[in-house]
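# Analysis of the macromolecular model
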Amino acid sequence: MVESAYLHVPFCKSICAYCDFFRYGSSETLQEQWLKQVSADLEALDLASLKTFYIGGGTPSALSPSQLERLLAVIASRTPQLEEFTMEINPDCFDEEKLRICMKYGINRLSIGVQSMDDTLLQVMNRRHNVQMVHEVIKLCKAHGLVNLSIDLIYALPDQSLSKWQETLREAVALDVPHISLYALSIEPNSLYGRKQVQKADDELEADEYEWAIAFLTEHGYRQYEVSNFAKAGYESRHNLAYWHYDDFYGIGCGASGKEKHIRYDNERNLMAYLKGMRAKETITLSKEEEMFEFLMMGLRLCDGISLSVFENRFACSFFDVYQEAYAKLSAQGLLVNEGDRIKTTPQGLHLLHEVLLALM
C-alpha cells in the first residue's frame with residue numbers, strides 16, 4: 001500500500017544559477033494547461049491511503065493564488081488520511097493570501113528555499129529574494145500558527161568563506177525553525193554555473209563547512225538524522241523518511257519520479273508533450289539485487305542506519321549472507337558498525353558514504 005506521493009510543479013519565476021532541475025519559466029497560460037493535466041493525473045490515482053504528500057519543484061509558490069487553491073482542493077478532496085502535507089515555497093512569491101490557502105487545505109509543513117543568509121551570495125545565485133524577505137515570511141507563518149518550517153541552505157558556494165558560512169548558520173538558527181537542510185553545491189553541466197565553468201569551494205573548505213555545521217547545529221538542539229538533514233525532536237521530515245526507508249511512493253505530474261511494486265519510473269519530461277496529454281514513462285524493473293543495494297544506498301544515509309530485521313523480511317535473506325565480506329572490511333576501517341538490529345555508518349562513514357556504497361556494490 002502506497003503511503004507517500006510527490007507532485008512536481010515545474011514552474012519558476014527565474015532560474016537559479018546552480019539549478020539543473022526540470023523547470024520552466026512561469027507562464028499563466030502554461031500553468032493553466034498544466035493544472036488541467038495534473039488534476040486529471042491526481043483524479044486517476046487512488047490516494048486514500050496516503051499519509052504524506054509533498055509538493056516540490058520548480059517553485060510551487062510561483063502558482064497564482066487561484067491556481068494554488070484549485071490544485072490543493074483536488075489533493076485535499078482525495079487524501080483523507082494525510083498526516084504530513086508539505087509544500088516548497090520561495091520567500092519572494094509567498095504572501096498571506098497563499099499562506100491562508102495552504103492552511104485551508106491542510107498543508108501543515110513548509111520547506112523554504114533560503115539557500116543563504118547573505119544578500120550578496122543570493123544575488124550571485126540569481127535568487128529573487130533577500131534576507132529581509134526570509135525573516136518576513138517566517139514571521140508571517142508563525143503568526144498564523146504554522147510552525148513546522150524547514151529551510152534549505154547551500155554551502156561550498158563560490159566566494160563563500162568559512163566565516164561567511166558560519167554567519168549564515170548563526171542567522172539561520174536565530175530564525176528558530178525546527179528543521180534545517182544543508183546541501184553542498186554541485187556544479188551541474190546544464191546549470192548557469194556549469195555553462196560558465198564556475199568553480200565551487202575546494203574539497204577541504206567544503207569538508208570544514210560541513211563539519212562545523214554538524215557541531216554548531218548539534219550544540220543548538222538540532223539532531224542530525226540524515227546526511228543533509230537536521231531537526232529538533234519530533235520535526236523530522238516524515239515524507240523524506242519514506243524515501244530513505246525505501247518505501248514505495250507515487251510520482252505525479254510532468255517530470256516527477258516514483259517507485260511502485262519493484263518498478264522505478266520517471267514521468268514524461270517534455271512539458272509540451274505532457275500538455276497534449278502524453279503520459280509516457282521511462283520504467284526500470286528492479287532485480288532483487290538492485291533493490292537490496294538501493295535499500296542500503298537510501299537507508300545508510302540515515303544516522304540510525306538500516307534495520308537488519310526489515311532487510312530480512314523484505315528480501316528473505318540476511319544482510320550478512322549477502323554483505324558479510326564488505327561489511328567486515330568497512331567495519332575494520334571504522335566506517336560501519338552493527339548495533340543490535342541496526343547497521344549504521346559511523347560519523348566518518350557518513351562523511352565517506354560514497355566510498356562505503358562503492359564497497360557494498
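This text follows the structure it describes.
### What about the overall build of the protein chain?
A count of helical and extended segments in the protein chain gives 15 helices and 17 strands. At 21 Å, the protein chain has a C-alpha radius of gyration in line with the 21 Å of a compact globule built from 361 residues. Referenced to the eigenvectors of the C-alpha coordinate spread, the extents of the protein chain come out at roughly 60 × 50 × 40 Å. The proportion of buried residues among the 361 residues of the protein chain is 53%. Sequence-distant contacts in the protein chain: of pairs separated by 6 or more residues, those separated by 24 or more amount to 69%. Carbon and sulfur atoms form 50% of the exposed surface of the protein chain, whose accessible area is close to 16200 Å².

### Describing the layout of surface pockets
In this structure, the second largest pocket spans a volume of roughly 310 Å³. As for the second largest pocket, its lining consists of 14 residues, and the residues nearest its centre are M1, V2, E3, D247 and D248. Per-element accounting of the lining of the second largest pocket gives the leading share, three residues, to helix α9 (residues 238-244). Grouping the amino acids of the lining of the second largest pocket by side-chain chemistry returns four nonpolar, three polar and seven charged.

### A word on the sheet that holds strand β4 (residues 52-57)
Strand pairing within a sheet occurs via backbone hydrogen bonds; the two strands may be parallel or antiparallel. With mixed pairing, the nine strands of this open sheet are ordered in space as β9-β10-β8-β7-β6-β5-β4-β1-β11. Each edge of the sheet is formed by a strand with only one pairing partner; in this case those strands are β9 (223-226) and β11 (250-252). The mean inter-strand angle of the sheet, taken between neighbouring strand axes irrespective of direction, is 20°. Where β9 lies against strand β10 (residues 229-231), three bridges are found, and the strand directions are antiparallel. Bridge pairing in β10 links E226 to N229.

### Some details on helix α11 (residues 288-299)
The end-to-end C-alpha separation of α11 is 16 Å, in line with the 16 Å expected for twelve residues at 1.5 Å each. Residues of α11 that are buried: E291, M292, F293, E294, F295, L296, M298 and G299. Looking at the buried residues of α11, the elements they touch are α9, β13 (263-267), β15 (306-307), α12 (308-315), α13 (319-332) and α15 (353-360).

### Overview of unusual backbone geometry
Following G57, the chain continues into G58 via a peptide bond in cis, with omega recorded as 25°. With respect to the element layout, G58 can be found in the loop between β4 and α2 (65-78). Positioned with a positive phi, N126 is a non-glycine residue whose angle comes to about 65°. With respect to the helices and strands, the residue N126 is situated in the loop between α4 (119-124) and α5 (131-143).

### Overview of helix α1 (residues 28-43)
In a regular helix each residue adds 1.5 Å, so 16 residues correspond to 22 Å; α1 covers 23 Å between its end C-alpha atoms and thus fits that length. Inspection of α1 places L30, Q31, W34, L35, Q37, V38, S39, D41 and L42 among the buried residues, and these make up the whole buried set.

### Digging into a negative patch on the surface
Side chains of D202, E204, D208 and E211 sit close together on the surface and give a patch of like negative charge. Along the chain, E204 turns up in helix α8 (residues 203-219). Residue classification places E204 among the exposed residues on the basis of a relative accessible area of 61%.

Conventions we followed
Residues numbered from 1 in each chain as written. Predicted model: local features only at pLDDT ≥ 70, side-chain atom pairs only at ≥ 80, totals over all residues. Heavy atoms only, no water. Helix = DSSP H or I, 4+ residues; strand = E, 2+ residues; numbered from the N terminus. Rg over C-alpha atoms; globule rule 2.2 N^0.38 Å. Buried < 20%, exposed > 50% of the residue type's maximum accessible area, 1.4 Å probe, protein only. Contact = heavy atoms within 4.5 Å. Areas by Shrake-Rupley, 256 points an atom, 1.4 Å probe, with all protein chains shown as cover. 1 Å grid on protein atoms, 1.4 Å probe; cavity = no way out; pocket = protein on both sides within 12 Å on 5 of 7 lines; lining within 4 Å. Points joined across faces, edges and corners; volume = space filled by probe spheres on them. Nonpolar A, V, L, I, M, F, W, Y, C, P; charged D, E, K, R; others polar. Pairing = 2+ DSSP bridges. Axes fitted to C-alpha atoms, helices over the stretch in contact; angles between N-to-C directions. Expected span 1.5 Å × (residues − 1). Patch = residues over 30% accessible without salt bridge, like charges linked within 9 Å, V, L, I, M, F, W, Y side chains within 5 Å. Salt bridge = Lys/Arg side-chain N within 4 Å of Asp/Glu carboxyl O. Lys, Arg positive; Asp, Glu negative; His and termini not counted. Charge placed at Lys NZ, Arg CZ, Asp CG, Glu CD.

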